Amino acid sequence: MATIGTPVRRREDFRFLTGGGTYTDDINRPGQLYAYILRSQHAHARIGGIDTAPAQRSSGVVAVYTGQDMTADGVGGLPCGWQIHSKDGSPMAEPPHPVLAVDRVRYVGDPVAVVIADTLALARDAAELVNVNYAEEPAAIDPVAALQPGAPQVNSEASGNLCYDWQLGDLAAVESAFAKATRIVRLDLANNRLVPNAMEPRAAIGEFNRATGEYTLYTTSQNPHVIRLLMGAFVLHIPEARLRVVAPDVGGGFGSKIYHYPEEAIVTWAAGKVHRPVKWTAERSESFISDAHGRDHVTHVELALDAQGKFLALKVSTVANLGAYLSTFAPAIPTYLYGTLLAGTYTTPAIYCETKAVFTNTVPIDAYRGAGRPEATFVLERIVDLAADEIGMDPAELRRRNFIPKDAYPYQTPVALQYDSGDYAATLELALKAADYQGFESRRREAMGRGKLRGIGIATYIEACGIAPSAVVGSLGARAGLYESAEVRVHPTGSVSVLTGTHSHGQGHETTFSQLVADTFGIPIDNVEIVHGDTDKIPYGMGTYGSRSIAVGGTAIVKAMDKVIAKGRKIAAHLLEAAEADVEFKDGKFTVAGTDRSRTLGEVALTAYVPHNYPIDELEPGLDETAFYDPKNFTFPSGAYIAEVEIDLETGQVAVVNFTASDDFGRIINPLIVAGQVHGGLAQGIGQALLEGCVYDKASGQLLTGSYNDYAMPRADDLPTFALSTNTTLCTHNPLGVKGCGEAGAIGAPAAITNALVDALKPLGVRHLDMPATSEKLWRTIQQHRAPIAAE
Amino acid sequence: MYEFNYHQPTSLDEVARLLGANEEAKIVAGGMTLVPTLKFRLAKPSDLVDLVGISSLRGITDAGDALVIGAMTRHAEVERSPLVKQGIPALAALAHVIGDPAVRNRGTIGGSISNNDPAADYPAAVVGLGGTVQTTRREIAADNFFTGMFETALDRTEIVTAVRLPKPQAACYMKFKNPASRYAIVGVFVARTGGGVRVAVTGAGPCVFRVPEMEAALARSFTPDAIKDIAIPQDGLNSDIHASAEYRAHLVGVMARRAVAGCG
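Residues numbered from 1 in each chain as written. Chains lettered and ligands numbered in written order. Predicted model: local features only at pLDDT ≥ 70, side-chain atom pairs only at ≥ 80, totals over all residues.

Trainee: When you look at the overall build of chain A in this model, what are you seeing that I'm missing?
Mentor: Within chain A one finds 20 helices and 28 strands. Against the 2.2 N^0.38 benchmark of 28 Å for 792 residues, chain A shows a C-alpha radius of gyration of 28 Å, consistent with a compact globule. Out of the 792 residues in chain A, the part that is buried amounts to 57%. Sequence-distant contacts in chain A: of pairs separated by 6 or more residues, those separated by 24 or more amount to 80%. (Helix = DSSP H or I, 4+ residues; strand = E, 2+ residues; numbered from the N terminus. Rg over C-alpha atoms; globule rule 2.2 N^0.38 Å. Buried ≥ 20, exposed ≤ 12 C-beta atoms within 10 Å, placed from the backbone. Contact = placed C-beta atoms within 7 Å.)

Written out as structure tokens, the structure reads:
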């Protein structure tokens, strides 16, 4: 029975919901010690010296190490996986990123020393005895201010705190289009800084086997092979063959668990020093100041239109905060995952984007669900809505006039990407109908009678997913390939293990991938096992992020299954005494075409492993195939979101009353999992729009929103029931026609919500609101705009 | 957290003895504030004296014109109690909006008022209803019990045993929640009793306070309109990244009007 396209319940959920998962912190190794990491309480300070002697003498303490100890032992800095070049061709500033701070701390949370003891409590007790002699220095916190002359310097290697000044697109073409424009719309906006907050905090256990010289790292990672490569080759100089990295069950990542973090290197290195396993688990407060943050852009955007409302050109200038150090993929986010998306769903013929990336004395910033694409979508969809308002056109109509038509594919954008498929107009119509867009004005009037300002907002989005063709990303500065791998092992009795290079940390791969295998091989889902997350088991793979797992990893599985079937046909032909060309594979059986003579996959597998009657001269025994798949292009999921909000006139409090999401994810393997992914993404996107704002004290650099008492995460009662639908066009360059769905909600929702809020406030003359749109911000906006009206 | 000795006495005498013997001892009721404080290593008590084993501190009784709620009664018990729902429905509704289900299943009324967090909900009800706090030594009128930010009239070894809350003719609590912590940015408890109208405000200032001007206006005319022109001065109100003093002052007015309307 075909399962693709049906809502198969997640196989992994029994394990997760009954407490049967194995997360890193659930793992305990014999003789294990505990690490507590002492972190800087200052945003910027010189380290005069660190006295660890009292801590070393403290009860239960096995070792205390500082950055100097690690440096003296030849430990390298944390590498950056992507290099960006500035407008003038110069490479980005790439200051060293020590695992433990050596002579200077650069953000509140910067690791300074590690205390290793018999228990975590003893390690914490001892950490209070570590005496760090800090000489505080002024800190650069605000990214725009950090670029001003005279701003405090975060890294001496990055003059003026500038990492790079990057550009994309044809500035001359843009300027010439602006010169001819009927109207130019301008807007300054910010994309608020976010703290990722995966439900499972990061954790790591390092282990060293003295007998074999082998190291093992258990870690909360989205990509164990990447960690093995980066940590082994650049930081600890351990050859791959002697380093195993295991990422077991992982409770959410959203990008924040892609990167190679200091703690992974600390516990692995320390395990080799003390010859005992060393475990570290982040506390939630520690996560706030040590997990890579997301977003934090300040942008000026200008859109040029002709008299009919056609977009002529777009010009975007962004300052992107990188934090104190370059996190693993940080440089790519505000450049090739941002500027390249600024065509959106539109035919804008000329686009120019420039990004100044800046170091500040804050936690490093890197990819967070959507990574660059939410920022691009917010810029584009806000300026489009503002343009509609300024020229007096319905925002849906303005979008219709500018959509890339469905017969224009492949469509080359002016910002490097070539879209393969899509039908944006139809997706928008689907959403408009579902949201009863036509009937909105009566709902607005009804709400006003209840003291509520009601607004409706549209956002369309496109994302580049399935990251991606290795040659393309290599030419853009990636220091890694971005293919994916799969091994399909058909066991002697016909059950199947799939070893995938992707990593599931909430996405439901054990179900979705099993559906692929079950349908292709014609076997029950229960006969399929998905293995991931252990470099000793799986082939070299790049992991899961950028909604790439089904498009790249799923395709690798398909390719490996194709090889299994090709070999199986040869074996079956031998068994059936038929020509290979006459043997076809369908519904789990190899059949001689036009006959009822067949062999099941299980029979063929058994023959492959018990090759008594076997074409041994032509074929090796076994039925176990590996494939690596490097895609030809990104995939381009897209969608249209419509938010409807009500603002309480008296308090400014917002309620999201309706939310409609129409998406094009290509072929959908499991609609239940896809809906779950959209729900989660929307929750995070709405969270960004209304609730989540990471706030640093601009003078001291202290994180003011360092706990759930102050950082507002979205909860179920902040959200409406979502109305979801899909409008499918298939990806043209992978065999499944899949595009990916993991980030969509977080990409489209912030702009849809903000557009709805601005629409609600339009009667007061409000033209923009920055996120998060808190109650007080809205109340003040209402007060300020009411006053002049009242005065008139 | 730091190490401490844990005690679970079964009588108030034993509690008194333990507190007397250990200068650095602390009482724990539901632990919803104390336990996080310990985990952050912001408190270092030598001993924790847990009141959970003292059964006389738990339970809700109907005293005719008032409800008497034992200090160790959990928020969830108040929220679900038929006696409370019947006698002071506004109190059951208030208990329902404290924290989250986990907090409501652990947190206690005695712990909440003894801690006197400026943004806690119960102080508004106890003052708004004109309640009386019963302790191991005396009875303290609500108006005299809450003395300042995290401060009460309690001595170090004095323990709240129960709270006596008169049944009002009508009452309503309106809470404007902090979207992050779900504590009150502003919470206003309005009660109409035989003795007059009481308006108690939590969240807005360093300690729960009454608004006599609103009480007087509402005594004349118990309608939202009666207080619509009463401005709350923002001086001395809390101001933080979640809400300025100006916004809080404004919200006191809005929540008070809505609470009056909610009294039906």
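The discussion continues.
Trainee: What is the right way to read the overall build of chain B from this model?
Mentor: Within chain B, the secondary structure is distributed over eleven helices and 14 strands. Compactness check: chain B gives a C-alpha radius of gyration of 18 Å against a globular reference of 18 Å for 264 residues, within 12% of the reference. For the C-alpha atoms alone, the extent of chain B along its principal axes is close to 55 × 45 × 30 Å. For chain B, long-range pairs separated by at least 24 residues make up 60% of all intrachain contacts whose partners lie at least 6 apart in sequence.

Trainee: Help me understand the nonpolar core in this model?
Mentor: Where a protein is soluble and globular, its nonpolar side chains tend to be buried together. Membership of the largest hydrophobic core comes to 337 residues, with the highest contact counts inside it found for A:Ala35, A:Val115 and B:Val188. With near-sequence residues (within four places) excluded, B:Val188 lies in contact with B:Ala124, B:Met174, B:Val199, B:Val201, B:Val252, B:Met255, B:Ala256 and B:Ala259. (Core = buried A, V, L, I, M, F, W, Y, C linked by C-beta atoms within 7 Å.)

Trainee: Honestly, the interface of chain A and chain B in this entry has me stumped. Any pointers?
Mentor: Size of an interface, as often reported, equals the accessible area lost when the parts are brought together. Chain A puts twelve residues into the contact, and the matching count from chain B is ten residues. Of the residues assigned to the side of chain A that touches chain B, the class counts are seven nonpolar, two polar and three charged. (Nonpolar A, V, L, I, M, F, W, Y, C, P; charged D, E, K, R; others polar.)

Trainee: So what exactly am I meant to see when it comes to the domain arrangement of chain A here?
Mentor: Residue and element names in this part refer to chain A. Taken domain by domain, chain A comprises domain 1 (13-137 + 199-252 + 257-290), domain 2 (297-467 + 633-791) and domain 3 (483-629). Between the C-alpha centres of domain 2 and domain 3 there is a distance of 40 Å. Its residues placed into classes, the side of domain 2 that touches domain 3 shows eleven nonpolar, six polar and two charged. (Domains from an automatic or database assignment.)

Trainee: What's the story with the packing of helix H15 (residues 509-521) of chain A against helix H16 (residues 549-576) of chain A in this structure? I'm lost.
Mentor: The angle between the axes and the distance between the axes are what describe a pair of packed helices. Residues and elements named next belong to chain A. In the contact formed by H15 and H16, the axes pass within 11 Å of each other and the chain directions differ by 30°. With respect to the hand of their crossing, H15 and H16 are arranged in right-handed fashion. From H15, His509, Thr512, Phe513, Leu516, Val517, Thr520 and Phe521 reach across to H16, where they touch Ser549, Ile550, Gly554, Ile557, Val558 and Met561. When grouped by side-chain class, the residues that make up the contact of H15 with H16 number eight nonpolar, five polar and no charged. (Axes fitted to C-alpha atoms, helices over the stretch in contact; angles between N-to-C directions. Left-handed = near helix turned anticlockwise from the far one by under 90°.)

Trainee: Any chance you could explain helix H10 (residues 373-391) of chain A here in plain terms?
Mentor: Because each turn of an α-helix spans 3.6 residues, side chains separated by three or four positions in sequence point in the same direction. All names here are of chain A. Look at H10: 27 Å from first C-alpha to last across 19 residues, which is about the 27 Å you get at 1.5 Å a residue. With respect to burial, H10 is a largely interior element, 16 of its 19 residues being buried. Immediately downstream of H10, the backbone of Gly392 shows phi near 70°, a positive value. (Expected span 1.5 Å × (residues − 1).)

Trainee: In this structure, what is going on with unusual backbone geometry? I would like to understand it.
Mentor: With glycine set apart, most residues show a phi of negative sign, and most peptide bonds adopt trans. Omega for the peptide link from A:Tyr409 to A:Pro410 comes to -5°, which places this bond in the cis form. When you line up the elements, A:Pro410 lands in the loop between helix H11 (395-402) and strand E16 (411-412). A cis amide bond links A:Met771 to the next residue, A:Pro772, at an omega of -10°. Inspection of the secondary structure puts A:Pro772 in the loop between helix H19 (744-761) and helix H20 (775-791). Unusually for a residue other than glycine, A:His275 sits at a positive phi of about 55°. By the element assignment, A:His275 lies in the loop between helix H8 (262-274) and strand E12 (278-281). The phi torsion at B:Phe150 lies on the positive side, around 55°, for a residue other than glycine. Among the secondary structure elements, B:Phe150 is positioned in the loop between strand E8 (146-148) and strand E9 (151-152).

Trainee: Whenever I open this one, the environment of A:Glu463 confuses me. Can you help?
Mentor: All names here are of chain A. Summarising the element assignment, Glu463 is placed in the loop between strand E18 (452-462) and helix H14 (470-475). Take Glu463: there are 32 C-beta atoms within 10 Å of it, and that puts it in the buried class. The contact partners of Glu463, leaving out residues within four places of it in the chain, are Leu341, Arg373, Pro637, Glu743, Ala744 and Ile747.

Trainee: Would you take a moment to explain the sheet that holds strand E12 (residues 184-193) of chain B for this structure?
Mentor: Sheet strands pair by backbone hydrogen bonding; their relative direction is either parallel or antiparallel. All names here are of chain B. Read from one edge of the open sheet, four strands run E11-E12-E13-E14, paired in antiparallel fashion. Strands with a single pairing partner mark the edges of an open sheet, and in this sheet they are strand E11 (170-177) and strand E14 (209-210). In the packing of helix H11 (residues 245-262) onto the sheet, contacts are made with E11, E12 and strand E13 (196-202), and the angle to E12 comes to roughly 35°. (Pairing = 2+ DSSP bridges.)

Trainee: Quick question: what am I supposed to make of the pairing of strand E10 (residues 160-166) of chain B here?
Mentor: Both faces of the sheet carry side chains from a regular strand, because those side chains alternate between them. Residues and elements named next belong to chain B. Counting buried positions along E10 yields six of seven residues, so the element is predominantly enclosed. One ladder, built from five bridges, connects strand E5 (residues 66-70) with E10; its direction is antiparallel. Within E10, the position partnered with Leu67 by the bridge is Leu165. Bridge count for strand E6 (residues 132-135) against E10 is four bridges, and the pairing is antiparallel.

Trainee: Looking at this structure, how should I read the confidence of the model for chain B?
Mentor: The predicted coordinates of low-pLDDT regions are not to be read in fine detail. A residue-level look at chain B finds 100% of positions with pLDDT of 70 or above and a mean pLDDT of 97. Predicted complex metrics record ipTM = 0.95 and pTM = 0.97. (pLDDT = per-residue confidence, 0-100.)

Trainee: I'm lost on the pairing of strand E1 (residues 33-39) of chain A in this one. Help?
Mentor: All names here are of chain A. For E1, a buried count of six out of seven residues is recorded, marking the element as mostly surrounded by other parts of the structure. Both E1 and E12 contribute to a ladder of two bridges, which runs parallel. The residue bridging Tyr34 from the neighbouring strand is Lys279, located in E12. For E1 and strand E5 (residues 111-117), the ladder comprises six bridges, and the chain directions are antiparallel. Directly across from Tyr34, in E5, lies its bridge partner Ala117.

Trainee: Sorry, what's going on with the environment of A:Val132 here?
Mentor: Residue and element names in this part refer to chain A. If you trace the backbone, Val132 turns up in strand E6 (residues 131-136). A residue is classified by how many C-beta atoms lie within 10 Å of it, and Val132, with 20 of them, is buried. Separated by 83 residues in the primary sequence, Val132 and Gly49 place their C-alpha atoms 6.1 Å from one another.

Trainee: I'm lost on the domain arrangement of chain B in this one. Help?
Mentor: By the assigned domains, chain B splits into domain 1 (1-53) and domain 2 (170-262). When each unit is reduced to the centre of its C-alpha atoms, the spacing between domain 1 of chain B and domain 2 of chain B is 34 Å.

Trainee: Is there a simple way to explain the sheet that holds strand E24 (residues 598-600) of chain A in this structure?
Mentor: Residues and elements named next belong to chain A. Across the sheet, three strands lie side by side as E22-E23-E24; this open sheet has antiparallel pairing. Two strands close off the open sheet at either side, each with one partner strand: strand E22 (583-586) and E24. Pairs of neighbouring strands in the sheet enclose a mean axial angle of 20°, with direction left out of account. Bridge count for strand E23 (residues 589-592) against E24 is three bridges, and the pairing is antiparallel. Following the sheet pairing, Lys589 is matched in E24 by Thr600. With respect to the sheet, H16 is in contact with E22, E23 and E24, its orientation differing from that of E22 by roughly 125°. Contacts between helix H17 (residues 601-609) and the sheet are confined to E23 and E24, with E24 contributing the most and set at about 75° to the helix.

Trainee: Please explain the packing of H10(A) against H19(A) as it appears in this structure.
Mentor: All names here are of chain A. Where H10 meets H19, the axes come as close as 8 Å, and the angle between the chain directions of the two elements is 30°. As judged from the angle between their axes, H10 and H19 are roughly parallel. Here H10 runs over H19; the crossing is right-handed. Residues Arg373, Pro374, Thr377, Phe378, Glu381, Arg382 and Asp385 of H10 form the contact with H19, whose own contacting residues are Ala746, Ile747, Gly748, Pro750, Ala751, Thr754, Asn755 and Val758. Taken together, the residues of the contact of H10 with H19 sort by class into seven nonpolar, four polar and four charged. (Parallel < 35°, antiparallel > 145°, perpendicular 65-115°, else oblique.)

Trainee: Got a minute to help me understand the environment of A:Gly554 in this structure?
Mentor: Residue and element names in this part refer to chain A. If you trace the backbone, Gly554 turns up in helix H16. Judged by the 28 C-beta atoms lying within 10 Å of it, Gly554 falls in the buried class. Sequence-wise, Gly554 and Ser485 are 69 residues apart; in three dimensions their C-alpha atoms are separated by 9.1 Å. If near-sequence neighbours (up to four positions away) are discounted, Gly554 is found in contact with Phe513, Leu516, Ser549, Leu736 and Val738.

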